[in-house]
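Chain by chain, the residues:
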Amino acid sequence: MTSASAAHAAEFLKGNDRDRYFASLLLPEPARPAVQALLAFNADVASVRERAREPAAGEIRLQWWTDALEGEEHGAVRQNPLADALLDAMDAYKLPAEPLHKLIAARRFDLYNDPMPDLPTFEGYAGETASVLYQLAAMVLNGGKELAGGDAAGHLGVAHALVGHLRAFGYNASQGRIFLPWSVLAANGVREGEVLTGTVSEGLLAARAQFVDLAREHLAKAEAAIAALPASLRPAFAPVALLGRYLVLVEAAEEAPFAPPRDVADWRKIAAMGWWSWRQR
């Protein structure tokens, strides 16, 4: 991996996904640049919806990444520093391309305004967009060797996605998007128009409480699975230290599901993940 491409990937990650950037600083060398390249790729793909004026433009950008991963002769693709850094990381640690193809395919859902239909679909989406990042980061820390099982990455990815979409619920609703499982909302009597107009109802608050409980359940299972891993692999899961804090803030705003989320100061994020990582030694 060229130093220029690695540095670009790190800066891109810092500017577009600060939480994961701070988490990556806790990783040892030489794994850190490879994981940062992977996370920077994800940050680019995850932001396609926000940068594309219409779905067709987003589809073109996602297809570019698909082609970049498939090409045998990468040629001009290597001129893109994010792609260069990612391809180098994949080569260095023999990372499989298939999970990244699935991540790209899952992100096509973001381009449209169809509600997330149900919990199994959401969990599949979370697995392909969040869990995969934990799994591949742990693989890098494992020297490129595949890991048995995947409970830590699986549960933490779902918890991460639930917390993220609870916090972004109001913003997504204002953009005509519903990412939390619609079947749970509908079962509580919530109507789509209420969500899209920012209308608070008893059913919406009940559904929100169920999502919080589900996030806590997955978070607890993730913590238990992480504790069972070798200490050398646990730094890949450092964001677990933030998710509990975010859930507390979500619960504190239980009567205001559409309000902008309260954040945690950067130094507190770094301290929380640093302290957690130190305890995992």
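Just so we're clear, the structure is a prediction, and the values are computed from it rather than from any experiment.

So, how was this worked out
Residues numbered from 1 in each chain as written. Predicted model: local features only at pLDDT ≥ 70, side-chain atom pairs only at ≥ 80, totals over all residues. Heavy atoms only, no water. Helix = DSSP H or I, 4+ residues; strand = E, 2+ residues; numbered from the N terminus. Rg over C-alpha atoms; globule rule 2.2 N^0.38 Å. Buried < 20%, exposed > 50% of the residue type's maximum accessible area, 1.4 Å probe, protein only. Areas by Shrake-Rupley, 256 points an atom, 1.4 Å probe, with all protein chains shown as cover. Lys, Arg positive; Asp, Glu negative; His and termini not counted. Charge placed at Lys NZ, Arg CZ, Asp CG, Glu CD. Arc of directions from axis to C-beta. Core = buried A, V, L, I, M, F, W, Y, C linked by side-chain atoms within 4.5 Å. Contact = heavy atoms within 4.5 Å. Expected span 1.5 Å × (residues − 1). Salt bridge = Lys/Arg side-chain N within 4 Å of Asp/Glu carboxyl O. pLDDT = per-residue confidence, 0-100. Phe/Tyr/Trp six-rings, centres within 6.5 Å; stacked < 30°, edge-to-face > 60°. Lys NZ or Arg CZ within 6 Å of the ring centre and 35° of its normal.

**Structural notes on the overall build of the protein chain**
Secondary structure summary: the protein chain contains 15 helices and zero strands in total. Taking 2.2 N^0.38 as the reference for a compact globule, 281 residues should give roughly 19 Å; the C-alpha atoms of the protein chain span a radius of gyration of 19 Å, in line with that estimate. Counting every position in the protein chain, which comprises 281 residues, the buried fraction comes to 49%. Carbon and sulfur atoms provide 54% of the accessible area of the protein chain, an area that totals close to 12,900 Å². Averaged over its 27 positive side-chain charges, the protein chain has a centre that lies 7 Å from the centre of its 34 negative ones.

**Things to note about helix α7 (residues 98-107)**
All of the buried residues along α7 are L100, L103, I104, A106 and R107. All buried residues of α7 project into a common sector of 165° when viewed along the axis, lining one side.

**Description of the nonpolar core**
In terms of nonpolar packing, the biggest core is built from 97 residues, with W65, L156 and F237 touching the most fellow members. No other element matches helix α8 (residues 119-141), which puts twelve residues into this core. When sequence neighbours within four positions are dropped, the list of residues in contact with L156 reads Y134, D151, L219, A222, I226, F237, V240 and L243.

**Description of unusual backbone geometry**
Geometrically, the link from E29 to P30 is a cis peptide bond, its omega value of 0° lying close to zero. Examined against the element boundaries, P30 turns out to sit in the loop between α2 (18-24) and α3 (31-46). Of note, K94 is a non-glycine position whose phi angle comes to about 55°, a positive value. By secondary structure assignment, the location of K94 is in the loop between α6 (81-93) and α7. Classification of K94 by relative accessible area gives exposed; the value is 63%.

**Some words on the environment of P120**
Among the secondary structure elements, P120 is positioned in helix α8. Separated by 115 residues in sequence, P120 and P235 have C-alpha atoms that sit 28 Å apart.

**A word on the side chain of S131**
Relative to the elements of secondary structure, S131 occurs in helix α8. Ignoring anything within four residues of it in the chain, the contact list for S131 reads A126, A153, G154, G157 and V158.

**Things to note about helix α1 (residues 3-16)**
Spanning 14 residues, α1 covers 20 Å between terminal C-alpha atoms, matching the ideal 20 Å at 1.5 Å per step. Those residues of α1 that fall on the buried side of the exposure criterion are S5, A6, A9, A10, F12 and L13. Taken down its axis, α1 places every buried residue within 165° of arc, on the same side. Residues S3, A4, E11 and G15 are exposed on α1 and point more than 90 degrees away from its buried face. On its buried face, α1 is in contact with α2, α3 and α6.

**Here we look at the pattern of salt bridges**
Tallied over the full model, the rule gives 18 salt bridges. Between D266 and R18 there is a salt bridge, and its shortest N-O distance comes to 2.7 Å. Here D266, found in helix α15 (residues 266-279), pairs with R18, found in helix α2; they are 248 residues apart in sequence, far enough to count as distant. In this structure R18 comes out as partly exposed when scored by relative accessible area, which is 35%.

**Quick notes on the confidence of the model for the protein chain**
Averaged over the protein chain, the pLDDT score is 94; the fraction of residues at 70 or greater is 98%. Within the protein chain, the lowest mean pLDDT, 92, falls on helix α4 (residues 48-51), and the highest, 98, falls on helix α11 (residues 182-187).

**A look at the environment of A159**
In this fold, A159 is placed in helix α9 (residues 151-167). When the C-alpha positions of A159 and A130 are compared, they lie 9.2 Å apart, and in sequence the two are 29 residues distant.

**Looking at the packing of aromatic side chains**
In this description, a pair of aromatic rings is defined by centroid distance and the angle of the planes. Counted by the stated rule, this structure contains nine aromatic pairs. Centroid distance Y134 to F237: 5.8 Å. Interplanar angle 15°. Geometry classified as stacked. Within this pair, whereas Y134 is found in helix α8, its partner F237 is found in the loop between α13 (202-227) and α14 (240-252), the two being separated by 103 residues in sequence. Considering the side-chain rings of F169 and F258, the 5.3 Å spacing of their centres and the 35° angle between planes classify their relative orientation as tilted. Taken together, the residues span a long stretch of sequence, with F169 in helix α10 (residues 169-174) and F258 in the loop between α14 and α15 at a distance of 89 residues. Neither F169 nor F258 differs from the other in exposure class; each is buried. It is R61 that lies over the ring of W64; its NZ or CZ is 4.8 Å from the centre.

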